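# Structural overview for review
Listed below, chain by chain, are the residues.
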Amino acid sequence: MIAYFLPMKPGAHKVYSTPENSFWCCVGSGFENQAKYGEFIYYHDNKGLYVNLFIPSELNWKEKGIVVKQQTNFPNLGNTQLTLSTANPVSMPISIRYPSWAANAEVKINGKKANH
């Protein structure tokens, strides 16, 4: 359950709904969080690209001339596919977040297992 409002008035009392039998919008805090996820999927610096979240998305990095498309059904399936498209060859590191819960992570490049 998500929501966005808690009263700040001294002495105010907040009545909360229940997950199964009742719900109204103003029962907690953090309603905007899901809208922010898109801001944190990718980062980059002058050296390379960082993949932080596993969310279906597309990054158009105009300065490098690269388009990155991420396809995934995470968290329902535990894999993600990154497809990079460029007009000209680009050499750069790509850092992919390796969460602690990903005990058996495997990276493949063009279908072949890569060392990580």
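Data block above holds the structure.
Structure report, in brief. Quantities reported herein were computed from a predicted structural model and do not represent experimental measurements. (Residues numbered from 1 in each chain as written. Predicted model: local features only at pLDDT ≥ 70, side-chain atom pairs only at ≥ 80, totals over all residues. Heavy atoms only, no water.)

## Some details on the packing of aromatic side chains
A full pass over the atoms with the stated rule returns two aromatic pairs. Between Phe-54 and Phe-74, the aromatic rings sit 5.9 Å apart at their centres with planes inclined by 70°, giving edge-to-face as the arrangement. With Phe-54 in the loop between strand S2 (49-51) and strand S3 (57-61) and Phe-74 in the loop between strand S4 (66-72) and strand S5 (80-86), this residue pair connects regions lying 20 residues apart in the sequence. Residue classification places Phe-54 among the buried residues on the basis of a relative accessible area of 13%. Here Phe-74 falls in the partly exposed class, since its relative accessible area comes to 31%. Summarising the aromatic geometry, the rings of Phe-74 and Trp-101 are spaced 5.4 Å apart at their centres and angled 15° between planes, so their arrangement reads as stacked. Of this pair, Phe-74 sits in the loop between S4 and S5 while Trp-101 sits in the loop between strand S6 (94-96) and strand S7 (107-109), and the two are 27 residues apart along the sequence. Pairwise contacts between aromatic rings join Phe-54, Phe-74 and Trp-101 into one cluster. (Phe/Tyr/Trp six-rings, centres within 6.5 Å; stacked < 30°, edge-to-face > 60°. Helix = DSSP H or I, 4+ residues; strand = E, 2+ residues; numbered from the N terminus. Buried < 20%, exposed > 50% of the residue type's maximum accessible area, 1.4 Å probe, protein only.)

## Quick word on the sheet that holds S3
On the basis of which strands lie adjacent, the open sheet formed by three strands has the order S3-S4-S5 and antiparallel pairing. At either margin of the open sheet sits one strand with a lone partner, and together these are S3 and S5. Across the sheet, the mean angle from the axis of one strand to that of its neighbour is 15°, orientation sign disregarded. Of the pairings in the sheet, the one linking S4 to S5 comprises seven bridges and is antiparallel in character. Across the sheet, the residue bridging to Gln-71 is Gln-81, located in S5. (Pairing = 2+ DSSP bridges. Axes fitted to C-alpha atoms, helices over the stretch in contact; angles between N-to-C directions.)

## Description of a nonpolar patch on the surface
Side chains of Phe-40, Tyr-43 and Tyr-50 sit close together on the surface and give an oily, nonpolar patch of about 280 Å² of accessible area. Within the secondary structure, Tyr-43 sits in strand S1 (residues 42-44). For Tyr-43, a relative accessible area of 39% translates into the label partly exposed. (Patch = residues over 30% accessible without salt bridge, like charges linked within 9 Å, V, L, I, M, F, W, Y side chains within 5 Å. Areas by Shrake-Rupley, 256 points an atom, 1.4 Å probe, with all protein chains shown as cover. Salt bridge = Lys/Arg side-chain N within 4 Å of Asp/Glu carboxyl O.)

Purely geometric stuff here, so don't read any function into it on its own.
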